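One-letter residues, chain by chain:
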Amino acid sequence: MITIKKTKTGDALKPMVEKIAGVDLSVCLQCRKCSSGCPVAGLAKSRPSEIMRRLHLGAGNELLENDIVWMCVSCETCSARCPMGIDVAAVMDALRKLAIAQGASKQEGNVPLFNKAFLKTVQIFGRTYELAMITAYKLGTGKLMNDTEKFPTMLKKGKISLMPSLSGDRKTVRRIFKKVKQNKGAGQ
Ligand code: SF4
Ligand code: SF4
């Protein structure tokens, strides 16, 4: 059974998520198909279907600190399985966006740091550049030398490259980042 403690932010969170994700949470049947296909549901404290229910019942900003919001790998299995066509993955994404925008106090582990390092390298190089991303992430965690013994093997097996790939469309990607920044500034 899901118990919801009504909070002041509860009424505001649901419409904001619905708007950002472009979904109608009221059509959720609680069939739990989204949860049964989710690769991280068994590891997280809450399952995607529970997040949907909590949102619908008026849960507040405490939901932004829920571990599944940060453990979600955006695989979109939940969205593909939903019989009501709810884009559950977009709901998770909306919760992450709101958590960052509202400075949720306890974002799960180092996931936000990883997100930031990933996006920064995509913004600069036009596509992901693992070496720069890992270095930025490890500098952020303060554990730069952790796991470095794996580096030579990864290099040898071609799993990581010393130089960034030049195949990305840097101009277009930068334009997208610029547009997103402008939209944020305009409060969209
Ligand atoms: S699969 Fe869709 S309808 Fe079923 S619980 Fe998940 S969100 Fe609700
Ligand atoms: S998108 Fe996220 S919530 Fe949905 S199935 Fe994948 S990991 Fe689970």
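Residues numbered from 1 in each chain as written. Chains lettered and ligands numbered in written order. Predicted model: local features only at pLDDT ≥ 70, side-chain atom pairs only at ≥ 80, totals over all residues. Heavy atoms only, no water.

Is there a simple way to explain the overall build of the protein in this structure?
Per the secondary structure count, the protein includes 10 helices and zero strands. Each helix (α) and strand (β) of the protein, taken in turn from the N terminus, gives the series α-α-α-α-α-α-α-α-α-α. Buried positions account for 32% of the 188 residues belonging to the protein. Partitioning the intrachain contacts of the protein with sequence separation of at least 6 by distance along the chain shows that 68% fall at a separation of at least 24. With the model as given, the accessible surface of the protein reaches about 11900 Å², and the carbon-plus-sulfur share is 57%. (Helix = DSSP H or I, 4+ residues; strand = E, 2+ residues; numbered from the N terminus. Buried < 20%, exposed > 50% of the residue type's maximum accessible area, 1.4 Å probe, protein only. Contact = heavy atoms within 4.5 Å. Areas by Shrake-Rupley, 256 points an atom, 1.4 Å probe, with all protein chains shown as cover.)

Explain the site of ligand 1 to me, please; I cannot follow it from the model alone.
Around ligand 1 lies a shell of 14 residues, among which Cys28, Cys31, Arg32, Cys34 and Cys82 are the nearest. Where the shell around ligand 1 is concerned, the elements lending two or more residues are helix H2 (33–37) and helix H3 (48–56). Among the residues forming the shell around ligand 1, the class breakdown is 10 nonpolar, two polar and two charged. (Near = heavy atom within 4 Å. Nonpolar A, V, L, I, M, F, W, Y, C, P; charged D, E, K, R; others polar.)

Looking at this structure, I do not really get unusual backbone geometry. What am I missing?
Trans peptide bonds make up the majority, and among non-glycine residues the majority have a negative phi. Unlike most non-glycine residues, arginine 32 shows phi in positive territory, near 70°. Following the sequence through the fold, arginine 32 ends up in the loop between helix H1 (10–21) and H2. Given the relative accessible area of 54%, arginine 32 is considered exposed. Its identity is not glycine, yet serine 74 carries a phi of approximately 55°, on the positive side. Positionally, serine 74 belongs in the loop between helix H4 (67–71) and helix H5 (77–81).

Honestly, the pattern of salt bridges in this entry has me stumped. Any pointers?
It is possible for side chains of opposite charge to pair when their charged atoms get near one another. In total, this model carries seven salt bridges according to the counting rule given. Its salt-bridge partner being glutamate 18, residue lysine 14 comes within 4.0 Å of it at the nearest N-O pair. Taken together, the residues span about one helical turn, with lysine 14 and glutamate 18 both in helix H1 at a distance of four residues. Of the two residues, lysine 14 and glutamate 18, both sit in the buried class. Between aspartate 93 and lysine 97 there is a salt bridge whose closest N-O contact spans 3.5 Å. With aspartate 93 and lysine 97 both in helix H6 (residues 88–101) and four residues apart, this pair spans about one turn of that helix. Several salt bridges share partner residues, and in doing so they unite Lys138, Asp147, Glu149 and Lys150 into one network. (Salt bridge = Lys/Arg side-chain N within 4 Å of Asp/Glu carboxyl O.)

How should the packing of aromatic side chains be read in this particular structure?
How two aromatic rings sit relative to each other is set out by the distance from centre to centre and by the angle between their planes. Applying the stated criterion across every chain, the model contains two aromatic pairs. Ring centres of phenylalanine 114 and tyrosine 137 lie 5.6 Å apart, and the angle between their planes is 80°; on these two criteria the pair is classed as edge-to-face. Note that phenylalanine 114 is positioned in helix H7 (residues 111–125) and tyrosine 137 in helix H8 (residues 130–141), a separation of 23 residues in sequence. On the numbers, 4.8 Å between centres and 80° between planes, the contact of phenylalanine 125 with tyrosine 129 is edge-to-face. Taken individually, phenylalanine 125 and tyrosine 129 each receive the classification buried, so the pair is uniform in this respect. (Phe/Tyr/Trp six-rings, centres within 6.5 Å; stacked < 30°, edge-to-face > 60°.)

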